[in-house]
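The chain contents come next:
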Amino acid sequence: MAGSRVVVVGDVIDDIIVVPGGPVRADTDTTSAIVRRPGGSASNTAAWLGWLGAPVDLVGRVGAGDLERHASVLRASGVAPHLTEDPDRVTGTIVIVVEGEHRTMLTDRGANATLSPEAVTDALLDDAAYLHLTGYTLFDALEAESFAQLVRRAHERGVVVSLDPGSAGFLVDYGARRFLADTRGVDILLPNRAEAQLLVGDASTADGSTLTPEECAEALLEHAPTVVLTSGGEGVIIARRGGELQRVPVEPVETVDPTGAGDAFSAGLLHGLLAGDDLEAATVTGVGTARAAVALRGGRPPLA
């Protein structure tokens, strides 16, 4: 790898996080704690990378008038922002209703849907060791050929490409088989258990039982040479072509807000790899970063 940075491409979002004080009541008020935070899967990952001390660039798109607001927050986390403005769309917004360890997300993709692959310049890739992408960008911003072309450009420069599928709901809308076909060529696939089961397709065995995370990870090796599958409190499964499965345990932790835990995990793993750690050690760093994330409200690290 010629470069020494991580280039992250994808969402910039305004998160509106709602924590109801009790069961949500239909057709009337439910007292809630409501906060607004910057978010977005790619931006969260970039912010955690910067917080960890990794040199990182974020390529994204926001609504008119929001560029400096989001760029300044990213810079405060140690991220070099490369943002453009959409004159006609608002910055993407998600209302996140948090109930314990579960979340319901109501999403307006906004300006993220018009992110151009040309925003990822040759100069950025020349300086990169890793290119991190999320499924959200493929769902509406990059067409399959643009995605494939970006992966090829990265590989021509010796850049390793990682991919977080991003959303089980959007995977259902996009189609799992289509997603796998359109993302072929990525080097590291980072699904959670629900996403992995969708990508595998028929997630049941002959006796009707559900495929285990280990079985899902092994099946996904047909798509990518390395699969790192997160499964909540059950830990993380590392699968590599030609190698044995590895398991990294996760200790129980009190969850304040699960928003951004997967993004923080990706950041920790990439930070470890960039520092020269092996995949298992980098995964341990990912687990530790995710633990820090769930102890906070919102998907970003604390600012200094």
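Calculation rules
- Residues numbered from 1 in each chain as written.
- Predicted model: local features only at pLDDT ≥ 70, side-chain atom pairs only at ≥ 80, totals over all residues.
- Heavy atoms only, no water.
- Phe/Tyr/Trp six-rings, centres within 6.5 Å; stacked < 30°, edge-to-face > 60°.
- Helix = DSSP H or I, 4+ residues; strand = E, 2+ residues; numbered from the N terminus.
- Buried < 20%, exposed > 50% of the residue type's maximum accessible area, 1.4 Å probe, protein only.
- Arc of directions from axis to C-beta.
- Contact = heavy atoms within 4.5 Å.
- Pairing = 2+ DSSP bridges.

Student: Requested: an account of the packing of aromatic side chains, with residues and values cited.
Tutor: Across all of its chains, the model carries seven aromatic pairs by this definition. Ring geometry for Tyr-136 versus Phe-170: centroids 5.8 Å apart, planes at 90°, classification edge-to-face. Here Phe-170 lies in helix α6 (residues 168–174) and Tyr-136 lies in helix α4 (residues 135–140), a separation of 34 residues in the sequence. The class of Tyr-136 is buried, set by a relative accessible area of 13%. Aromatic ring contacts, followed pair by pair, group Tyr-136, Phe-139, Phe-170, Tyr-174 and Phe-179 into a single cluster.

Student: Talk me through helix α9 (residues 213–220); I want residue IDs and the actual numbers.
Tutor: Of all the residues in α9, the buried ones are Pro-213, Cys-216, Ala-217 and Leu-220. The arc that holds the buried residues of α9, viewed along the axis, is 100°, so those residues lie on one side. Where α9 is buried, its residues touch α7 (176–182), β10 (188–189), α8 (193–200), β11 (226–230) and β12 (236–240).

Student: Explain the pairing of strand β5 (residues 79–86) to me, using residue names and the numbers behind them.
Tutor: As paired strands, strand β4 (residues 56–63) and β5 are joined by eight bridges and run parallel to one another. Bridging across to β5, Gly-63 finds its partner in Asp-86.

So, to be careful, I would describe these as geometric facts and stop short of saying anything about function.
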